[in-house]
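# Structure assessment
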Amino acid sequence: MGGGANIVASNRRRTLAGPSGWSGLLANGRIFAIAVFASLGGLQGVFSGVLGMYSFKQRMASAVDKSGTKGWLVSILELGAWLGVLFTGYLADKLSRKYTIVFAVIIFCIGVVVQTCAFAPSSIFGGRFVTGLGVGSLSMAVPLYNAELAPPEVRGSLVALQQLAITFGIMVSFWIDYGTNYIGGTGGSQSEAAWRVPLALQLVPAIILGIGILFMPFSPRWLVNNGRDDEALQVLSRARRLPPDSDLVQIEFLEIKAQYIFEKEMSAIKFPNLQDGSRWSNFKLGFYDYMSLLRSRSLLYRVAVGSLTMFFQQWTGVNAILYYAPSIFQDLGLTGSTNSLLATGVVGIVMFLATIPAVIWVDKVGRKPVLISGAFIMAACHMIVAILTGLYHDSWDSHVAAGWVACVFVWIFAIAFGYSWGPCAWILVAEIWPLSVRGKGVSIAASSNWMNNFIVGQVTPSMLDHIGFGTFVFFGAFSLLGGLFIWFFVPETKGLTLEEMDEIFGSEGMAAGEQERFLAIEKRIGLDAYNDPDRASPDHSDMRKQDVTEKV
């Protein structure tokens, strides 16, 4: 991604590094396999179909029949996820990225079990809140784990891989709902298994992830941060399928070591009185790091870009569509829960398929054109659906074609989001930060994402009840504003170095000072020795054939 993970990349590592993007992931087969496994995000989207099932509405009538409580029923998961994000940074540093994922899976599973066994709305409320804690934690811990284990040249693709996994889970969950809706029939004879089974199935990918991650390596970055350098070197060696003393493994290890030393020295310079290692000092260090984002005009600009990008991502109305799609399709004239669930399943398919080419486009076309075009297409779709709903909401039966046209534009909306704001918003907010505050900056953006997600889920049922087609006008206006925000206030970040990133954000010299310190650290630990262009290149194909385990 633009800006990269390291301030100074070794010239030697660049020479030895493999291809980037998806071809790079395939070239790093072991890393790709671990990343795919760790990205098992679960069946997000199951609850949207459950909400429309007859037996669920009968059991949970006191909550589902009122738009206010229905909004809480959906959005309380996002509130839990927001809290989960806030605690994950600390847990990931203390427990390790790997064990934080295990802990989050356990919390997630507890929430799912409570929902599956629910006989009253209170259990759904409590279960979804606890599930949200796990979802929020996983939404930060998994990308962090993947990024720290992967070579720098494929880290950008892992962002898209994570989004692809999410959209795949949404697609599968929609079709699970469609299938289980037939258990016992679709009307008064419908069995409660129709909604309990899809809720319970969320446990399957979660348990696979929780158990499987125990057999995965620790993050080499976390190992270095905790003084376990030998283990970090072994992890890199096995992951790259190269001997520990190969140039590529040594360079990656030393780059991680240099970054760790750099962050420690920057902390000592900024806060010399808080280096005693006590819990209180560590707490204050974290607090002051966050406060530093608000004191610098350049960093505050980046906070605004990151937070508002996530704000507009949610206020495009994407999660209003995903959460309440069955209800929306019924309002558009598709009678019966089966037809509405079928139309919802199409949303999942088109969004998943649209995410795939986004991986190719975003690094070739740039961030701004992708985001702007997606926003304007989504705005147009909202407005067209609003016009059709306003004209025919009382007479869909006699205007069936208009109803199907409205459904098609909901699907086009899903395509537009899938190729643009879904993956690209996360790429943008991950690459705009200087190295020393990247973790804090991304956590603020993630927090903004979940909080706005919560608000959208909370207000959408009331909006649909009280302003009807005005709901689509509202989200259409915000989609348009999001496109204009990117157009006029967000610089293009594709392929920029950190120095260029600082220049466009108005803080010339910040990266230069950090780069000078980083160069000194590189020289101190011997990383600069690998910049020699005349250094002999090992034969990677021969090295990969060696038994790495024995050498380690």
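Residues numbered from 1 in each chain as written. Predicted model: local features only at pLDDT ≥ 70, side-chain atom pairs only at ≥ 80, totals over all residues. Heavy atoms only, no water.

Turning our eyes to something else, we now look at the packing of helix α9 (residues 121-149) against helix α23 (residues 438-466). α23 packs onto α9 with a crossing angle of 145° between their chain directions and a minimal axis gap of 11 Å. For the crossing formed where α9 meets α23, the hand is right-handed. Of α23, the residues touching α9 (which contributes V135, G136, S139 and M140) are S443, A446 and W450. Residue composition of the contact of α9 with α23, grouped by class: 4 nonpolar, 3 polar and no charged. (Axes fitted to C-alpha atoms, helices over the stretch in contact; angles between N-to-C directions. Helix = DSSP H or I, 4+ residues; strand = E, 2+ residues; numbered from the N terminus. Left-handed = near helix turned anticlockwise from the far one by under 90°. Contact = heavy atoms within 4.5 Å. Nonpolar A, V, L, I, M, F, W, Y, C, P; charged D, E, K, R; others polar.)

Before going further, it helps to spend a moment on the pattern of salt bridges. In this structure the tally under the stated criterion is 7 salt bridges. In this structure, R196 engages E192 in a salt bridge whose closest nitrogen and oxygen atoms are separated by 2.8 Å. The class of E192 is partly exposed, set by a relative accessible area of 22%. R240 is the salt-bridge partner of E252, the closest N and O atoms lying 2.7 Å from each other. Taken as a pair, E252 in helix α15 (residues 247-270) and R240 in helix α14 (residues 229-240) lie far apart in primary sequence, 12 residues in all. (Salt bridge = Lys/Arg side-chain N within 4 Å of Asp/Glu carboxyl O. Buried < 20%, exposed > 50% of the residue type's maximum accessible area, 1.4 Å probe, protein only.)

This part is about the nonpolar core. Within the largest apolar cluster, 72 residues are counted, with the highest numbers of intra-cluster contacts made by F47, F56, L73, F329, V347, W421 and I486. The leading source of residues in this core is helix α18 (residues 318-331), at 9 residues. Among residues more than four places away in sequence, those in contact with W421 are T309, F312, Q313, L371, G374, A375, M378, A416, G482, G483 and I486. Core analysis: the second largest hydrophobic core is formed by 55 residues, C109, L138, I213 and M266 among them. (Core = buried A, V, L, I, M, F, W, Y, C linked by side-chain atoms within 4.5 Å.)

Below, the discussion takes up the packing of aromatic side chains. If you walk through the whole model with that rule in mind, you get 24 aromatic pairs. Consider the rings of Y178 and Y182, whose centres lie 5.7 Å apart with planes at 85°: the pair is edge-to-face. Ring geometry for F311 versus W315: centroids 6.1 Å apart, planes at 40°, classification tilted. Of the residues examined, W315 reaches a relative accessible area of 8% and is grouped as buried. Here R196 stacks its cationic end above the ring of F119, 4.5 Å away from the centre of that ring. For R228, the ring lying beneath its charged end belongs to F218, and the centroid distance is 5.2 Å. (Phe/Tyr/Trp six-rings, centres within 6.5 Å; stacked < 30°, edge-to-face > 60°. Lys NZ or Arg CZ within 6 Å of the ring centre and 35° of its normal.)

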